[in-house]
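Chain and residue survey
What follows is each chain in one-letter form.
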Amino acid sequence: QVQLVESGGGLVQAGGSLSLSCAASGRTFSSYTMAWFRQALGKEREFVAGMTGSAGWTRYADSVKGRFTISRDNAKNTVYLQMNSLKPEDTAVYYCAAGPLFTHMSDPYTYWGQGTQVTVSS
C-alpha cells in the first residue's frame, strides 16, 4: 500500500513558477513509476509528466515540454514537478500517481494523491 500526499500548489501570475511535491509512504517507492496528471474544470484528467523508478526515464506531455521538469528523490520517497513559464491554461488540480509501468493513461496507475490546486492568473 502506498499513500501519496501532494503539496505546493497555489496562485501564481502567468510567466511565474511553482514547484509541486508528492510525498509517498511505503518501502517500495523506488520501484514505482511516478507521474503527474492534471484535471481542469470541466475537462478530463490528462497526463503531464512521468518518470520510471529504476532508470529515471522521463516523458512529458507536449503542452508542458520545455517548461515542466519531473524529478524524484528515492531516498526521500518524494517526486517533484517544477513548473516554469506558467500559462493560464495550466490551471488545474494536479495529481501525483504511482504505478508499476509507465503509461500516459490514468487507469493503470494504482495509487493517487488527493490533488493540489494550481491557478495561473493572466
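What you see is a predicted model; the values in this text were computed from it and never measured. (Residues numbered from 1 in each chain as written. Predicted model: local features only at pLDDT ≥ 70, side-chain atom pairs only at ≥ 80, totals over all residues. Heavy atoms only, no water.)

As for unusual backbone geometry
Of note in this structure, Asn-77 is not a glycine but carries a positive phi near 55 degrees. On the secondary structure map, Asn-77 appears in the loop between strand S7 (68–73) and strand S8 (78–83). A relative accessible area of 18% places Asn-77 in the buried class. Notably, Ser-85 is not glycine yet its phi reads approximately 50 degrees, a positive angle. (Helix = DSSP H or I, 4+ residues; strand = E, 2+ residues; numbered from the N terminus. Buried < 20%, exposed > 50% of the residue type's maximum accessible area, 1.4 Å probe, protein only.)

What about the sheet that holds S8?
Overall, antiparallel pairing links the four strands, which are arranged S1-S3-S8-S7 in an open sheet. Both outer strands of the open sheet, strand S1 (4–7) and S7, are each paired with one neighbouring strand and no more. When the angles between neighbouring strand axes are averaged without regard to direction, this sheet yields 15 degrees. Inspection of the sheet shows S7 paired to S8 by six bridges, in the antiparallel sense. (Pairing = 2+ DSSP bridges. Axes fitted to C-alpha atoms, helices over the stretch in contact; angles between N-to-C directions.)

Some remarks on the packing of aromatic side chains
All chains considered together, the criterion is met by eight aromatic pairs. With centroids separated by 5.9 Å and ring planes inclined at 80 degrees, the aromatic side chains of Tyr-32 and Tyr-111 adopt a geometry described as edge-to-face. Of this pair, Tyr-32 sits in the loop between strand S3 (18–24) and strand S4 (33–39) while Tyr-111 sits in strand S10 (residues 111–112), and the two are 79 residues apart along the sequence. Since its relative accessible area comes to 15%, Tyr-32 is described here as buried. Seen in terms of ring centroids, Phe-37 and Trp-112 are 5.1 Å apart; in terms of plane orientation they differ by 55 degrees. Their pairing is tilted. Of this pair, Phe-37 sits in strand S4 while Trp-112 is found in strand S10, placing the two residues 75 residues apart along the sequence. By relative accessible area, which is 1% here, Phe-37 ends up buried. The structure contains a cluster of three or more aromatic residues connected by ring pairs, namely Phe-37, Phe-47, Trp-57, Tyr-95, Phe-102, Tyr-109 and Trp-112. (Phe/Tyr/Trp six-rings, centres within 6.5 Å; stacked < 30°, edge-to-face > 60°.)

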